[in-house]
Amino acid sequence: MSLLEVRNLTKRFGGLVAVDALSFNVSAGETVSIIGPNGAGKTTVFNLITGFLRPTEGEVFFNGVNLVGHKPHQISLAGVGRTFQVVKPLRGLSVFENVLVGAFARTGDRAEARLIAGDVLEFTELKEVGDAQADGLPIGLRKRLELARSLATGPQLILLDEVMSGLNPSESKQAVELIKRLRDERGISAVAGVEHVMQVVMSISDRVIVLHHGRKIAEGKPEDVAGDPEVVAAYLGKQE
Amino acid sequence: MKFKRLLAVSITTLCFCSVGCRSQEKASDETVIRVGVITSLTGPEARFGQAQKYGYEMALDEINGSGVLGKKLELIYQDDTSKPEVASLTVEKLSDRDDIVALMGAYSSSATFPAAAVANRYQIPMLCPSAITDEITRQGYEWVFRVCAASSDYGRALVDFLSKVADAHRLAVVYENTQFGSSVARAALEQAPRAGIEIVAYEAYDQGGTDFTPLLTRVKSEEPDAVLFVSYLADATLLMRQSKEIDLNPKVFTAGGAGFSLPDFLKGAGDTAEFTISVTQWTPDATWTGSREWADAFRARWNYEPSYHSVQAYMSLKILADAIQRAGSTMRTAVRDAIRTSSMDSIFGPIHFNSVGQNEHPVAITQVLGGKFVTTWPPSVAIKPPYLPTPQWRSRRAITDGPEGVAAEPHVAVSVSGSEKLLQTISSGLLTGGIYALIGIGLTIIFGVMRVVNFAHGALVMVGMYATYFLFTYSRVDPFLSIVVVMPVMFVAGVIIQKTLIAPVLGAPELNQILLTEGISIVLINTALLLFTSNYLTMSTSYAGATLHVGGVSVSKPQLAAFAIAVVITAADYLFLVKTRTGRQIRATSQDPEGARLIGINIKRIQALTFGFGVAAAGAAGSLLMPIYYRVEPNAGSPFTLKAFVVVVLGGMGSVTGALIGGIVLGIAESLGAVYVATGYKDVIGFVIFVLVLTLKPSGLLGRSKV
Amino acid sequence: MKRRASIYLPLAGLFLIAAPAIFPARYSQHVLILVLLYVALGSAWNILGGFAGQLSLGHSAFFGIGAYATAVIASKTQVSPWWGILAGPLIVLPIALLVGWICFRLRGPYFTLATIAIGEVVRLLALNWSDLTGGAVGVVIRPSLFSGTGKIPYYYIVLAIAAGTVAFSRLISTRKLGYYLMAIREDEETAESIGVNTTRYKLLALAISATLTAIAGAFFANYFLFVDPTVVLPLALSVEIVLMAIIGGLGTVAGPVLGAVLLKLSSEVFRNEFAQANLLIYGALLILVILFMPEGLMGGIRKLFRFRTRKTQGVSA
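Once a new chain begins, its residue numbering starts again from 1 and follows that chain's sequence as written. Lettering for chains starts from A, numbering for ligands starts from 1, and both go in the order in which the items are written. A pLDDT threshold of at least 70 governs which residues receive local features in this predicted model, and a stricter bar of 80 or more applies before side-chain atom pairs are shown or counted, although totals over entire chains, interfaces and linings include all residues. Here the side-chain values reflect all heavy atoms present in the structure, with hydrogen atoms and water set aside.

Draft legend 1. Quick look at the overall build of chain B. The secondary structure content of chain B amounts to 24 helices and 18 strands. For the radius of gyration, the atoms used are the C-alpha atoms, and the globule rule reads 2.2 Å times the number of residues raised to 0.38. In summary, chain B has a C-alpha radius of gyration of 27 Å against a globular reference of 27 Å for 707 residues, a match within 12%. Principal-axis analysis of the C-alpha atoms gives chain B an extent of 85 × 80 × 45 Å. Looking at the 707 residues of chain B, the share that counts as buried comes to 65%. Pairs at least 24 residues apart make up 73% of the contacts formed inside chain B by residues separated by at least 6 positions. The method behind every accessible area is Shrake-Rupley, applied with a 1.4 Å probe, and residues are considered shielded solely by the protein chains displayed. Element-wise, carbon and sulfur atoms account for 59% of the exposed surface of chain B, whose accessible area totals about 23900 Å². Only four residue types enter the tally: Lys and Arg on the positive side, Asp and Glu on the negative side, with His and both chain ends excluded. Charge placement uses NZ in Lys and CZ in Arg. For Asp and Glu, CG and CD serve respectively. Each charge sign in chain B was given a centre, from 58 positive and 57 negative side chains, and these centres are 9 Å apart. The way it works is that DSSP assigns letters per residue, a run of H or I at least four long becomes a helix, a run of E at least two long becomes a strand, and they are numbered from the N terminus. Partly exposed residues are those whose accessible area sits between 20% and 50% of the maximum for their type, while under 20% is buried and over 50% is exposed, using a 1.4 Å probe and protein chains only. The criterion used for residue contact is that any of the two residues' heavy atoms lie within 4.5 Å.

Draft legend 2. Region of interest: the pairing of strand S4 (residues 57–62) of chain A. Residues and elements named next belong to chain A. Pairing between strands is defined by DSSP: at least two bridges between them are needed. Relative to S4, strand S1 (residues 4–13) is paired through 5 bridges, and the arrangement is antiparallel. Bridge assignment links Arg7 to a residue of S4, and that residue is Glu59. Bridging between S4 and strand S5 (residues 65–66) involves 2 bridges; their strand directions are antiparallel. Considered in S5, the bridge of Phe61 is made with Asn66. What sits between the antiparallel neighbours S4 and S5 is a turn of 2 residues, in which Asn63 has the positive phi angle 50 degrees.

Draft legend 3. Focus on the pairing of strand S14 (residues 372–377) of chain B. Residues and elements named next belong to chain B. Within S14, 5 of the 6 residues are buried, which leaves the element mostly enclosed by the surrounding structure. Across 5 bridges, strand S13 (residues 364–369) lies against S14 in antiparallel orientation. Across the sheet, residue Leu369 finds its bridge partner in S14, namely Lys372. From the end of S13 to the start of S14, which pair antiparallel, there are 2 residues, and Gly370 there has a positive phi angle of about 60 degrees.

Draft legend 4. Structural view of the interface of chain A and chain C. The interface is formed by 31 residues belonging to chain A together with 22 residues belonging to chain C. Buried area: the accessible area, evaluated with a 1.4 Å probe, that two parts lose upon being put together, summed over both parts. Taken over both partners, the interface formed by chain A and chain C buries close to 2300 Å², and the fraction arising from carbon and sulfur atoms is 61%. Ranking the residues of chain A by area buried against chain C places His73, Phe104 and Arg110 of chain A at the top, with a combined share of 24%. Here, a salt bridge means any Lys or Arg side-chain nitrogen found within 4 Å of an Asp or Glu carboxyl oxygen. At the junction of chain A and chain C, the tally comes to 2 salt bridges. Of the charged contacts in the structure, one is a salt bridge between Lys88 of chain A and Asp187 of chain C, with a shortest N-O distance of 3.3 Å. Residues are grouped as follows: Ala, Val, Leu, Ile, Met, Phe, Trp, Tyr, Cys and Pro are nonpolar; Asp, Glu, Lys and Arg are charged; every other residue, Gly included, is polar. Here the residues of the side of chain A that touches chain C are counted per class, giving 13 nonpolar, 9 polar and 9 charged.

Draft legend 5. Highlighting the sheet that holds strand S2 (residues 16–26) of chain A. All names here are of chain A. Spatial strand order, S2-S1-S4-S5: 4 strands in an open sheet with antiparallel pairing. In the strand order of this sheet, the two ends are held by S2 and S5, each with one partner. Bridge count for S1 against S2 is 7 bridges, and the pairing is antiparallel. In the sheet register, Glu5 faces S2, and the bridge partner there is Asn25. Strand contacts of helix H1 (residues 42–49): S1, S2 and S4, with the helix running at about 65 degrees to S2, the strand carrying the most contacts. The axes are straight lines fitted to the C-alpha atoms, using for helices just the contacting stretch, and the angles between their N-to-C directions are given from 0 to 180°.

So, in structure tokens, the structure goes:
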């Protein structure tokens, strides 16, 4: 059985179809990339899965349970973590406290939560900046904090919205490394939304889904998709 | 961090202790006798505090001319800031000082009632000069004495007068919902059946009302032949003027003293004050020995017409000095016992306290005749007989030098049809709504562009009112014309305020912004208090009270003009925002500040301009209020702040046309509520609509929800 | 710092316990009682306003209902008005939940305006529902349990209430609840995304804050022995409570304590020293503090310390 099963997911804003009858599966321990140019509907898909938006049609099954109609916090507690495209740190809190809030999803006990947070900081290599205030961090670290905070809630699946945007090459490399370790060391599935066709990302993805105007135009192994003429056309048409 | 806090606690507390201890040390001084005086030096009742202070000072000079027990009296003034809890606090403080023999005060019933309880608890004699609520003497206090007559005396005198002299049997009671107002109203309510008087209306209103036409419409529809108003000054003036505007014609207008018995009432209400009957404790023409001479001395010293508040304060201190002299001691118990056995003839009549500490002071009834308070009842003290029934408003024009020229005419009961009542209600609501709209517009554009909720808005309206008053009084600029001056000046002031105070906090949490504007409000109000005192400044235009009668509906001409101008200013604002370059920039900034910055709009300039426009609109509203509100004092604008919030929310924050609609909706809703539900609940209706709109349609009645 | 706090805390406790003996004057004790009352009010408000970032300007409603519960017990029943300390919160609780249900649909200034409206509606109801509340005349409460003359029992009761409120607020700030509230304050969407039921926790914060405020209100009625709408329900009271938290430092445990001590004492000193100008000076100071110390006194103190910690730790980028 798939961990996540998206069936016929559709979202219309007035006359605009943002997501059009999208279906895909994610298995346990799998890393999937959703790629597509800006405006393809990736963020909308994430918002639909995590309950921030309500789908016009379609279902989202997670471990066999339909998530549609549930509140974001319920979906988070069910084991679906997420990050935001525009990072949203809890500004007034320190990095450690940001992660601690996430950890409280797993336990009400302060000592236990601190242990979890400490472990997550270690895993995400944020330990040195643990005491720094979150809004003072450089963008690369803030992106990582998004992931760390979500990771602390103990998800089985993490939705990573635009993990790479705004990062310089060395930061990108670190991020890719982290996503890889997520799967390899923690067995957590991930769905990464990526704007550009990036070899680095492709390389760690088990599977790639290509979105264009809210529709899935291709799905498959990274190397197959990269050569798909429709995908190439979609990108060339959009990008200079 | 904790230790820091605790350190601070201890240090500040120690500082305050040393302040407290310093005052204790004075106790050893033997050459003076100290008396604590609690009164309102700031806040809405400061004007009465001032009147009391004049009285105390007169008494002090007299007493110290001869001395008491060979010593001089010294008054320790304490400001209760017109708040009951502060009045109690001052009693706590003063009663704790062994060198203070007795207390005087406070001014208002609300402040005196809890303060008296504290004085009694700590066993310090307290003389209440002017608080009339019956409750004070119903508590069985042994240390509290009241020099003035109580509200039940007011009720008794009024009811006797109405049944025996005025032959009135249908009484409408309208009172401000305060300790004072409700106690007098209740006294009348309790006494009425005894004299065969039916209470046909019993309406409370929130003090500081801005429009009484709905309330008076409700009263009018009950067809009373007598009306009793219980109000302080601000409302007294407006009640009479608006009674004329809506053509309310009972046989007699009566009032429960306070606002209706002050010299300022004559000035503020102008010719509408004529024939008004009021209970009073004292008038400058009182026949008690020395009374008139005292009034002359008072005028000479303060250049101010004396009112009974001054006399009561004066007498209270005189009674105390007499008691200390007789007691031969400054022991509090001895002084208390001496006060209890006071017996003297005074300019305030005979002084004698009964078993509950009440001075059995007779009240008199005055009538305004020829622009003066004349004692007309009871016959034993009357200077002239009362003039009854009161002439109809329409036949009063001939009266210039007193009523002698007008023949008494039989009173004609006027009935009001249901549809007339409804139309009257809606039309007054509509007109008031126009002003609300103008105040709301200023607030809404400021919010739209800066997301700042401006708590100083009411205070800015007040500034506009003062400006208009001074332009009218010293330069004879018509209040409506004064807008031409007031708006540009207020605009500049607004830009300066924005640049210096608002701009620095635009990035701060919204609560900081709110509190900053609250700080501006406090500063503006208290600057006005220091500059102009808390006295009402009243003005009267040649067209004051001019009324248009359409069918059964009366429309005040100044109010109609104000409404028209408010609508014109709104329309101009709208056109400005839509048609001009700056206007479009303001709208762009309001919709999307980031986007506006990106396309090269100078946001800082737009924010400053917008604040200027908002303040100018508030100022214009102040100008328009003057010809219909007639008076200004430092707190006059305060009720409008909350109203403006309601208007803005109803119309949708940031929308000029929305503010117009919102203002009118609020005006009409309040008016309907006041007439058909109860005047006391009129503001509840406003707030309930407010909360409903906020929760159900946060974008306002008209607005589309934001994407 | 921690070690020093452990020395200062018992010292401060000792000082607070001994305060009535150090300041025997009744007036000083009265001011101390008021200060502690406002410490409780500021700290209670801070749980909702400071931690959860829900800026209520309607807390006078909860204070007033607590006070009126006491007054009604005193005037309509034979039992001790001190039961108001229990009854006040019990009545306030469902009202607070209703208020939350209405107002938590709103964000930012809209929420604040709605709370103002709620406070005013409660005031107007108290003013007009005179059968129950005595209307504008108010209710005189006869002293029970204590004679009403000695300040000392009242001092220790309000000390217990204030210390309890501050301790509770401190406890919350280090637990899951506190962190969840702060997460809501910083970003509701983020909070939701990591499993925080924002609606439930906001309601919880309001319920705690309102309940503690009602307890303070019930104490006030028992101490002041008089209740009327101008005393216990004015908008100015809500504003004053908020001022303390802001001036002291929003969202910190110590901020409202500091703010209450400073504001109450200074307004007393101003009233005594500056006569008619006292409110003008108060307003001007308020403006200055907000302009130059936007994070309140605690913010200023923290900046000093952060400067030191920065140096030692550095920020890796």
